[in-house]
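# Observations on the three-dimensional arrangement
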Amino acid sequence: MALTDLCRYPIVQAPMAGGASGPALAAAVSEAGGLGFLAAGYKTADGMYQEIKQVRGLTSQPFGVNLFMPQEPHTDPAAIDVYRHQLAGEASWYETPLGDTDSGGDDNYEAKLAILREDPVPVVSFTFGCPQRATLDAFAKAGTYTIVTVTSPQEAQVAQWSGADAVCVQGVEAGGHQGTHRDDPEADGSGIGLLTLIGLVREAVQLPIVAAGGLMRGAGIAAVLAAGASAAQLGTAFLVCPESGANVLHKQALTNRLFVRTELTRAFSGRPARGLMNRFMREHGPYAPAGYPQVHHLTSGLRKAAAAAGDPQGMALWAGQGHRLARELPAGRLVEVLAAELDEAAGELTATLLNLKNQRSTS
(Lines give C-alpha, C1' and ligand atoms only; values in the text may rest on other atoms or scores of the structure.)
Protein backbone atom coordinates (compact mmCIF):
# COMPACT_ATOMS: atom_id res chain seq x y z
CA MET A 1 0.00 0.00 0.00
CA ALA A 2 1.30 3.45 -0.94
CA LEU A 3 0.69 6.67 0.95
CA THR A 4 -1.22 8.06 -2.04
CA ASP A 5 -3.65 5.11 -1.87
CA LEU A 6 -4.95 6.31 1.47
CA CYS A 7 -6.63 9.51 0.30
CA ARG A 8 -7.85 11.23 -2.85
CA TYR A 9 -5.88 14.40 -2.14
CA PRO A 10 -2.35 14.68 -0.69
CA ILE A 11 -3.79 16.47 2.35
CA VAL A 12 -3.31 15.08 5.86
CA GLN A 13 -5.01 16.60 8.90
CA ALA A 14 -2.47 16.79 11.71
CA PRO A 15 -3.24 14.89 14.92
CA MET A 16 -3.49 17.67 17.53
CA ALA A 17 -3.57 16.30 21.06
CA GLY A 18 -5.60 18.03 23.74
CA GLY A 19 -9.04 17.73 22.18
CA ALA A 20 -8.81 19.43 18.78
CA SER A 21 -8.48 16.28 16.66
CA GLY A 22 -11.57 14.30 17.60
CA PRO A 23 -13.82 11.97 15.62
CA ALA A 24 -15.87 14.73 13.97
CA LEU A 25 -12.82 16.45 12.48
CA ALA A 26 -11.02 13.27 11.42
CA ALA A 27 -14.13 11.83 9.77
CA ALA A 28 -14.97 15.07 7.94
CA VAL A 29 -11.46 15.34 6.49
CA SER A 30 -11.36 11.69 5.39
CA GLU A 31 -14.86 11.86 3.93
CA ALA A 32 -13.83 14.87 1.83
CA GLY A 33 -10.80 13.07 0.36
CA GLY A 34 -8.04 13.97 2.80
CA LEU A 35 -6.57 11.76 5.51
CA GLY A 36 -8.08 12.53 8.91
CA PHE A 37 -6.26 11.72 12.13
CA LEU A 38 -7.23 11.05 15.72
CA ALA A 39 -4.82 12.21 18.41
CA ALA A 40 -4.50 9.49 21.05
CA GLY A 41 -2.03 11.51 23.14
CA TYR A 42 -3.21 12.25 26.70
CA LYS A 43 -6.10 9.80 26.32
CA THR A 44 -6.69 6.46 28.01
CA ALA A 45 -6.55 3.36 25.84
CA ASP A 46 -10.30 2.93 26.10
CA GLY A 47 -10.85 6.62 25.32
CA MET A 48 -8.84 6.13 22.13
CA TYR A 49 -10.84 3.03 21.21
CA GLN A 50 -14.17 4.77 21.73
CA GLU A 51 -13.08 7.57 19.37
CA ILE A 52 -11.99 5.02 16.76
CA LYS A 53 -15.46 3.47 16.90
CA GLN A 54 -17.01 6.91 16.46
CA VAL A 55 -14.94 7.64 13.36
CA ARG A 56 -15.89 4.29 11.87
CA GLY A 57 -19.53 5.22 12.40
CA LEU A 58 -19.05 8.50 10.55
CA THR A 59 -16.98 7.42 7.53
CA SER A 60 -15.82 4.34 5.68
CA GLN A 61 -12.72 6.16 4.39
CA PRO A 62 -9.19 5.53 5.71
CA PHE A 63 -8.06 7.47 8.78
CA GLY A 64 -5.14 7.44 11.18
CA VAL A 65 -4.36 7.37 14.90
CA ASN A 66 -1.33 9.11 16.39
CA LEU A 67 0.52 7.79 19.46
CA PHE A 68 3.01 9.49 21.75
CA MET A 69 6.12 7.42 22.41
CA PRO A 70 6.92 6.78 26.12
CA GLN A 71 9.33 9.31 27.59
CA GLU A 72 12.40 8.35 29.59
CA PRO A 73 12.55 9.97 33.05
CA HIS A 74 15.60 12.22 32.59
CA THR A 75 14.09 15.25 34.31
CA ASP A 76 15.86 16.91 37.23
CA PRO A 77 13.35 16.77 40.14
CA ALA A 78 14.94 19.84 41.72
CA ALA A 79 14.30 21.89 38.57
CA ILE A 80 10.65 20.81 38.59
CA ASP A 81 10.33 21.84 42.24
CA VAL A 82 11.78 25.27 41.47
CA TYR A 83 9.31 25.72 38.63
CA ARG A 84 6.46 24.63 40.90
CA HIS A 85 7.36 27.47 43.28
CA GLN A 86 7.52 29.91 40.37
CA LEU A 87 3.98 28.94 39.37
CA ALA A 88 2.53 29.38 42.86
CA GLY A 89 1.20 32.82 41.94
CA GLU A 90 -0.64 31.37 38.93
CA ALA A 91 -2.26 28.73 41.12
CA SER A 92 -3.41 31.44 43.51
CA TRP A 93 -4.69 33.69 40.72
CA TYR A 94 -6.71 30.94 39.01
CA GLU A 95 -7.69 29.38 42.36
CA THR A 96 -6.63 25.90 41.31
CA PRO A 97 -3.91 23.54 42.59
CA LEU A 98 -0.85 22.66 40.54
CA GLY A 99 -0.87 19.17 39.06
CA ASP A 100 0.82 15.95 40.11
CA THR A 101 4.12 15.56 38.28
CA ASP A 102 4.26 11.84 39.07
CA SER A 103 1.37 10.97 36.73
CA GLY A 104 3.63 8.87 34.50
CA GLY A 105 5.30 9.30 31.14
CA ASP A 106 4.20 6.29 29.10
CA ASP A 107 0.80 7.73 27.99
CA ASN A 108 -0.72 4.20 28.16
CA TYR A 109 1.43 3.31 25.17
CA GLU A 110 1.46 -0.49 25.47
CA ALA A 111 -2.30 -0.69 26.08
CA LYS A 112 -2.94 1.44 23.00
CA LEU A 113 -0.61 -0.72 20.91
CA ALA A 114 -2.49 -3.83 22.02
CA ILE A 115 -5.83 -2.37 20.90
CA LEU A 116 -4.46 -1.21 17.55
CA ARG A 117 -2.90 -4.60 16.87
CA GLU A 118 -6.08 -6.46 17.80
CA ASP A 119 -8.43 -4.16 15.87
CA PRO A 120 -6.25 -2.47 13.21
CA VAL A 121 -6.84 0.98 11.75
CA PRO A 122 -5.51 2.02 8.31
CA VAL A 123 -2.71 4.28 9.58
CA VAL A 124 -0.78 4.71 12.84
CA SER A 125 1.76 7.49 13.35
CA PHE A 126 4.22 8.10 16.17
CA THR A 127 5.54 11.27 17.80
CA PHE A 128 8.46 11.88 20.24
CA GLY A 129 10.43 8.87 19.07
CA CYS A 130 10.50 5.76 16.90
CA PRO A 131 9.06 2.35 17.84
CA GLN A 132 11.11 -0.81 17.81
CA ARG A 133 11.24 -2.82 14.61
CA ALA A 134 9.10 -5.57 16.14
CA THR A 135 6.30 -3.08 16.75
CA LEU A 136 6.40 -1.71 13.21
CA ASP A 137 6.66 -5.22 11.76
CA ALA A 138 3.54 -6.25 13.68
CA PHE A 139 1.62 -3.33 12.23
CA ALA A 140 2.88 -4.21 8.74
CA LYS A 141 1.55 -7.76 9.14
CA ALA A 142 -1.80 -6.33 10.23
CA GLY A 143 -1.95 -4.16 7.11
CA THR A 144 -1.48 -0.88 9.01
CA TYR A 145 0.55 1.87 7.34
CA THR A 146 3.04 3.44 9.76
CA ILE A 147 4.45 6.97 9.84
CA VAL A 148 7.16 8.28 12.19
CA THR A 149 7.48 12.01 12.91
CA VAL A 150 11.04 13.27 12.39
CA THR A 151 12.80 16.62 12.71
CA SER A 152 16.22 15.70 11.28
CA PRO A 153 17.82 13.43 8.67
CA GLN A 154 19.27 11.29 11.47
CA GLU A 155 15.82 10.66 12.95
CA ALA A 156 14.54 9.79 9.48
CA GLN A 157 17.31 7.20 9.12
CA VAL A 158 16.29 5.60 12.42
CA ALA A 159 12.70 5.42 11.17
CA GLN A 160 13.81 3.75 7.94
CA TRP A 161 16.06 1.26 9.77
CA SER A 162 13.19 0.42 12.12
CA GLY A 163 10.78 -0.40 9.29
CA ALA A 164 8.45 2.63 9.08
CA ASP A 165 6.47 3.02 5.86
CA ALA A 166 6.87 6.82 5.77
CA VAL A 167 8.15 9.79 7.73
CA CYS A 168 6.33 12.95 8.71
CA VAL A 169 8.99 15.64 8.27
CA GLN A 170 8.20 18.43 10.73
CA GLY A 171 9.75 21.81 10.11
CA VAL A 172 10.39 24.34 12.85
CA GLU A 173 7.43 26.39 11.55
CA ALA A 174 4.95 23.82 12.88
CA GLY A 175 2.53 24.60 15.68
CA GLY A 176 2.38 22.55 18.85
CA HIS A 177 5.14 20.25 20.06
CA GLN A 178 8.29 19.65 18.09
CA GLY A 179 8.37 15.90 17.55
CA THR A 180 12.06 15.42 18.31
CA HIS A 181 13.08 11.90 19.29
CA ARG A 182 15.35 13.22 22.04
CA ASP A 183 14.63 16.40 23.96
CA ASP A 184 17.97 18.18 24.15
CA PRO A 185 17.81 21.66 25.75
CA GLU A 186 21.12 22.55 24.11
CA ALA A 187 19.40 22.22 20.72
CA ASP A 188 16.69 24.78 21.53
CA GLY A 189 16.40 27.29 18.71
CA SER A 190 18.24 25.14 16.18
CA GLY A 191 15.22 23.71 14.36
CA ILE A 192 15.32 23.36 10.56
CA GLY A 193 12.85 25.03 8.19
CA LEU A 194 10.53 22.69 6.30
CA LEU A 195 11.75 23.07 2.71
CA THR A 196 15.38 22.65 3.76
CA LEU A 197 14.48 19.67 5.94
CA ILE A 198 12.62 17.95 3.10
CA GLY A 199 15.75 18.17 0.96
CA LEU A 200 17.99 16.84 3.71
CA VAL A 201 15.66 13.93 4.47
CA ARG A 202 15.30 13.03 0.79
CA GLU A 203 19.08 12.70 0.63
CA ALA A 204 19.15 10.52 3.74
CA VAL A 205 16.30 8.01 3.23
CA GLN A 206 14.13 6.41 0.55
CA LEU A 207 10.83 6.70 2.45
CA PRO A 208 7.80 8.72 1.33
CA ILE A 209 7.59 12.10 3.06
CA VAL A 210 4.61 13.81 4.66
CA ALA A 211 5.59 17.47 5.04
CA ALA A 212 4.42 19.47 8.06
CA GLY A 213 5.07 23.00 9.27
CA GLY A 214 3.27 26.29 8.67
CA LEU A 215 1.23 25.09 5.66
CA MET A 216 -2.09 26.92 5.27
CA ARG A 217 -2.80 27.23 1.52
CA GLY A 218 -2.79 25.03 -1.55
CA ALA A 219 0.23 26.89 -2.89
CA GLY A 220 2.20 25.77 0.17
CA ILE A 221 1.13 22.19 -0.45
CA ALA A 222 2.30 22.53 -4.07
CA ALA A 223 5.64 23.84 -2.84
CA VAL A 224 6.35 20.86 -0.58
CA LEU A 225 5.20 18.42 -3.27
CA ALA A 226 7.59 20.08 -5.70
CA ALA A 227 10.33 19.74 -3.08
CA GLY A 228 9.79 15.98 -2.93
CA ALA A 229 7.05 15.31 -0.40
CA SER A 230 4.24 12.86 -1.18
CA ALA A 231 1.67 14.70 0.94
CA ALA A 232 1.28 17.73 3.19
CA GLN A 233 0.11 17.69 6.81
CA LEU A 234 -1.82 20.71 8.10
CA GLY A 235 -2.80 21.33 11.72
CA THR A 236 -3.42 25.01 12.42
CA ALA A 237 -5.42 25.29 9.19
CA PHE A 238 -7.96 22.79 10.59
CA LEU A 239 -7.89 24.16 14.14
CA VAL A 240 -10.56 26.79 13.47
CA CYS A 241 -12.98 24.44 11.69
CA PRO A 242 -16.33 23.94 13.46
CA GLU A 243 -15.54 20.21 13.77
CA SER A 244 -12.36 20.99 15.70
CA GLY A 245 -12.58 20.42 19.43
CA ALA A 246 -10.26 23.33 20.22
CA ASN A 247 -11.49 25.87 22.76
CA VAL A 248 -13.31 28.80 21.16
CA LEU A 249 -10.81 31.21 22.76
CA HIS A 250 -7.99 29.33 21.07
CA LYS A 251 -9.76 29.51 17.70
CA GLN A 252 -10.41 33.24 18.04
CA ALA A 253 -6.84 33.98 19.09
CA LEU A 254 -5.38 32.60 15.85
CA THR A 255 -6.57 35.63 13.87
CA ASN A 256 -6.76 38.13 16.75
CA ARG A 257 -4.34 41.02 16.16
CA LEU A 258 -3.48 41.03 19.86
CA PHE A 259 -1.40 37.90 19.23
CA VAL A 260 1.23 39.08 16.80
CA ARG A 261 3.70 36.19 16.72
CA THR A 262 4.45 32.61 17.67
CA GLU A 263 7.40 31.28 19.62
CA LEU A 264 8.74 27.96 20.82
CA THR A 265 8.34 27.54 24.57
CA ARG A 266 8.71 24.98 27.34
CA ALA A 267 6.42 26.96 29.66
CA PHE A 268 3.36 24.70 29.42
CA SER A 269 4.77 21.21 28.97
CA GLY A 270 8.53 21.15 29.50
CA ARG A 271 9.08 20.33 25.82
CA PRO A 272 9.55 22.85 22.98
CA ALA A 273 6.19 23.69 21.45
CA ARG A 274 5.15 26.56 19.18
CA GLY A 275 2.27 28.74 20.29
CA LEU A 276 0.95 32.29 20.20
CA MET A 277 2.99 34.50 22.48
CA ASN A 278 0.90 35.41 25.54
CA ARG A 279 1.45 36.50 29.14
CA PHE A 280 2.11 32.99 30.48
CA MET A 281 4.78 32.30 27.86
CA ARG A 282 6.43 35.68 28.40
CA GLU A 283 6.57 35.36 32.18
CA HIS A 284 7.43 31.68 32.57
CA GLY A 285 8.99 30.53 29.30
CA PRO A 286 12.51 31.74 30.15
CA TYR A 287 12.51 29.74 33.38
CA ALA A 288 10.68 26.56 32.36
CA PRO A 289 12.83 23.42 32.73
CA ALA A 290 13.21 20.55 30.29
CA GLY A 291 10.74 18.21 31.90
CA TYR A 292 8.13 16.51 29.74
CA PRO A 293 5.55 15.29 30.66
CA GLN A 294 6.07 16.46 34.26
CA VAL A 295 5.60 20.14 33.43
CA HIS A 296 2.58 19.23 31.28
CA HIS A 297 0.94 17.60 34.30
CA LEU A 298 2.03 20.47 36.54
CA THR A 299 0.32 23.14 34.42
CA SER A 300 -2.71 21.14 33.27
CA GLY A 301 -5.05 22.57 35.89
CA LEU A 302 -3.83 26.11 35.26
CA ARG A 303 -4.56 25.87 31.55
CA LYS A 304 -8.05 24.49 32.16
CA ALA A 305 -8.77 27.16 34.76
CA ALA A 306 -7.63 29.92 32.41
CA ALA A 307 -9.93 28.58 29.69
CA ALA A 308 -12.85 28.39 32.14
CA ALA A 309 -12.17 31.99 33.18
CA GLY A 310 -12.14 33.13 29.54
CA ASP A 311 -8.49 34.16 29.78
CA PRO A 312 -6.43 33.24 26.69
CA GLN A 313 -3.36 34.83 28.32
CA GLY A 314 -3.03 31.76 30.53
CA MET A 315 -3.76 29.12 27.90
CA ALA A 316 -1.50 27.09 25.64
CA LEU A 317 -2.48 28.58 22.28
CA TRP A 318 -0.61 26.20 19.99
CA ALA A 319 -0.24 27.58 16.48
CA GLY A 320 2.03 27.35 13.47
CA GLN A 321 3.74 30.33 11.89
CA GLY A 322 1.00 30.67 9.25
CA HIS A 323 -1.81 31.07 11.81
CA ARG A 324 -3.00 34.44 10.47
CA LEU A 325 -4.07 32.62 7.28
CA ALA A 326 -6.61 30.47 9.14
CA ARG A 327 -10.06 30.24 7.51
CA GLU A 328 -13.17 29.34 9.45
CA LEU A 329 -14.56 26.78 7.03
CA PRO A 330 -16.14 23.37 7.61
CA ALA A 331 -13.39 20.77 7.45
CA GLY A 332 -14.73 19.07 4.33
CA ARG A 333 -15.06 22.38 2.54
CA LEU A 334 -11.52 23.35 3.58
CA VAL A 335 -10.16 20.14 2.03
CA GLU A 336 -11.98 21.00 -1.22
CA VAL A 337 -10.65 24.58 -1.21
CA LEU A 338 -7.09 23.41 -0.53
CA ALA A 339 -7.33 20.84 -3.32
CA ALA A 340 -8.57 23.51 -5.75
CA GLU A 341 -5.77 25.87 -4.69
CA LEU A 342 -3.27 23.06 -5.17
CA ASP A 343 -4.50 22.42 -8.70
CA GLU A 344 -4.30 26.14 -9.51
CA ALA A 345 -0.78 26.44 -8.09
CA ALA A 346 0.37 23.34 -9.97
CA GLY A 347 -1.05 24.73 -13.20
CA GLU A 348 0.71 28.07 -12.69
CA LEU A 349 4.00 26.30 -11.96
CA THR A 350 3.68 24.17 -15.08
CA ALA A 351 2.97 27.27 -17.18
CA THR A 352 5.97 29.10 -15.69
CA LEU A 353 8.31 26.19 -16.37
CA LEU A 354 6.99 25.86 -19.90
CA ASN A 355 7.61 29.56 -20.54
CA LEU A 356 11.15 29.27 -19.22
CA LYS A 357 11.76 26.28 -21.47
CA ASN A 358 10.44 28.14 -24.49
CA GLN A 359 12.59 31.18 -23.69
CA ARG A 360 15.71 29.03 -23.51
CA SER A 361 14.91 27.28 -26.77
CA THR A 362 14.50 30.59 -28.64
CA SER A 363 17.53 32.36 -27.15
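Before going into details, it helps to say that this report is about the structure given with it. (Residues numbered from 1 in each chain as written. Predicted model: local features only at pLDDT ≥ 70, side-chain atom pairs only at ≥ 80, totals over all residues. Heavy atoms only, no water.)

### As for the overall build of the protein
Our working definition: What counts as a helix is a DSSP run of H or I of at least four residues, what counts as a strand is a run of E of at least two, and both are numbered from the N terminus. In this scheme, a residue with accessible area under 20% of its type's maximum is buried, one over 50% is exposed, and one in between is partly exposed, where area comes from a 1.4 Å probe on protein chains only. The contact criterion used is simple: two residues touch if any of their non-hydrogen atoms lie within 4.5 Å.
Check the secondary structure of the protein and you find 14 helices and 11 strands. Dimensions of the protein, computed from the C-alpha atoms along their principal axes, are close to 70 × 45 × 40 Å. Evaluated residue by residue, the protein yields a buried proportion of 55% over its 363 residues. In the protein, once contacts between residues fewer than 6 apart in sequence are set aside, the share between residues at least 24 apart is 69%.

### A short note on a nonpolar patch on the surface
As a reminder of what qualifies: Two joining distances apply to patches: 9 Å for like charges and 5 Å for nonpolar side chains (Val, Leu, Ile, Met, Phe, Trp, Tyr), and every residue must have over 30% relative accessible area and no salt bridge. Only the protein chains shown count as covering a residue, and every accessible area follows the Shrake-Rupley method with a 1.4 Å probe. One side-chain nitrogen of Lys or Arg within 4 Å of one carboxyl oxygen of Asp or Glu is enough to make a salt bridge.
A contiguous nonpolar patch, built from L349, L353 and L356 and spanning about 260 Å² of accessible area, is present on the exposed surface. Among the structural elements, L353 can be located in helix α14 (residues 331–362).

### Quick look at the packing of helix α7 (residues 153–162) against helix α8 (residues 194–204)
If you want to describe how two helices pack, look at the angle between their axes and the distance between the axes. Note the threshold: For helices, the fitted line uses only the C-alpha atoms of the stretch in contact; every axis is such a line through C-alpha atoms, and the angle between N-to-C directions lies from 0 to 180 degrees. For classification purposes, an angle smaller than 35 degrees is called roughly parallel, one larger than 145 roughly antiparallel, one from 65 to 115 roughly perpendicular, and anything else oblique. Whether a crossing is left-handed or right-handed is set by the direction in which the near helix is turned from the far one by less than a right angle, anticlockwise for left-handed and clockwise for right-handed. Amino acids are sorted into nonpolar (Ala, Val, Leu, Ile, Met, Phe, Trp, Tyr, Cys and Pro), charged (Asp, Glu, Lys and Arg) and polar (every other residue, Gly among them).
Here α7 crosses α8 at 40°, and the two axes come no closer than 9 Å. On the basis of the axis angle, α7 is oblique to α8. In the packing of α7 onto α8, the handedness of the crossing is right-handed. Where α7 abuts α8, its residues P153, A156, Q157 and Q160 lie against L197, L200, V201 and A204. Within the contact of α7 with α8, the residues separate by chemical class into 6 nonpolar, 2 polar and no charged.

### Details of empty space enclosed by the protein
The method is simple in principle: a probe with the dimensions of a water molecule rolls over the atoms, and the space it marks as empty is what remains. The cut-off we apply is this: Buriedness of a pocket was judged along seven lines, with at least five required to meet protein on both sides within 12 Å; pockets are open sets of points on a 1 Å grid over the protein atoms alone, cavities are sets where a 1.4 Å probe fits but cannot get out, and lining residues have an atom within 4 Å of a point. Grid points are joined across faces, edges and corners, and a volume is the space filled by probe spheres set on the points.
Scanning the model with the defined rule gives 1 cavity of 30 Å³ or more in all. Considered as a void within the structure, the largest cavity measures approximately 40 Å³ in volume. In terms of lining residues, the largest cavity is bounded by L3, T4, C7, Y9, P10, V12, S230 and A231. Here the residues of the lining of the largest cavity sort into 6 nonpolar, 2 polar and no charged.

### Focus: the nonpolar core
Keep this limit in mind: As used here, the term nonpolar core means buried Ala, Val, Leu, Ile, Met, Phe, Trp, Tyr and Cys residues forming a set that is joined through side-chain atoms within 4.5 Å.
In this structure, V65, L67, F126 and F238 are the most contacted members of the largest nonpolar core, which totals 94 residues. The leading source of residues in this core is α14, at 7 residues. Filtering out sequence-adjacent residues up to four positions away, F238 remains in contact with I11, V12, Q13, M16, L25, V29, S244, A331, L334, V335 and L338.

### Quick notes on the pattern of salt bridges
In the structure shown here, the tally under the stated rule is 12 salt bridges. Ionic pairing is found between R266 and D183, a salt bridge with its closest N-O pair at 2.9 Å. Of this pair, R266 sits in the loop between β10 (262–265) and β11 (273–276) while D183 sits in the loop between β7 (176–177) and α8; the two residues are 83 residues apart in sequence, bridging distant segments of the chain. On the basis of relative accessible area, R266 is assigned to the buried category, the value being 6%. Among the residues examined, D183 registers a relative accessible area of 24% and is labelled partly exposed. Linked through salt bridges whose partners overlap, the residues forming this network are E90, R279 and E283.

### Observations concerning unusual backbone geometry
A cis amide bond, omega 5°, links Y292 with the succeeding residue P293. Residue position: P293 is located in the loop between α12 (279–284) and α13 (294–308). At D107, a position not held by glycine, the phi torsion is positive, near 55°. Considering the arrangement of structural elements, one finds D107 in the loop between α4 (88–94) and α5 (109–118). Here the phi dihedral of N108 falls at roughly 55°; this positive angle occurs in a residue that is not glycine. As for its position among the elements, N108 is in the loop between α4 and α5. We classify N108 as partly exposed; its relative accessible area is 36%.

### Topic: the packing of aromatic side chains
Counted only if it meets this: The aromatic pairing rule takes the rings of Phe, Tyr and Trp, using the six-membered ring of Trp, and pairs them if the centres are within 6.5 Å, calling planes under 30 degrees apart stacked, those over 60 edge-to-face and the rest tilted. Placement of a charge over a ring requires the Lys NZ or Arg CZ to be within 6 Å of the ring centre, with the centre-to-atom vector within 35 degrees of the ring normal.
For the structure on display, the rule yields 6 aromatic pairs. Relative to Y292, the ring of F128 has its centre 5.2 Å away and its plane inclined at 65°; by these criteria the two rings are edge-to-face. Of this pair, F128 sits in the loop between β4 (123–127) and α6 (133–141) while Y292 sits in the loop between α12 and α13, placing them 164 residues apart in sequence. Each member of the pair F128 and Y292 is classed as buried. Each ring, one from F268 and one from W318, has its centre 5.7 Å from the other, and the planes form 90°; the classification is edge-to-face. Remark: W318 occurs in the loop between α13 and α14 and F268 occurs in the loop between β10 and β11; sequence separation between them is 50 residues. Over the face of the ring belonging to Y292 we find R271, whose NZ or CZ atom lies 5.9 Å from the ring centre.

### Digging into the pairing of strand β5 (residues 145–150)
Formally: Pairing between two strands requires that DSSP report at least two bridges joining them.
Where burial is concerned, most of β5 is hidden: 6 out of the 6 residues are buried. The side-chain alternation of β5 yields two buried faces, one formed by Y145, I147 and T149 and the other by T146, V148 and V150. Pairing geometry for β4 and β5, over 4 bridges, is parallel. Paired with V123 across the strands is Y145, a residue of β5.

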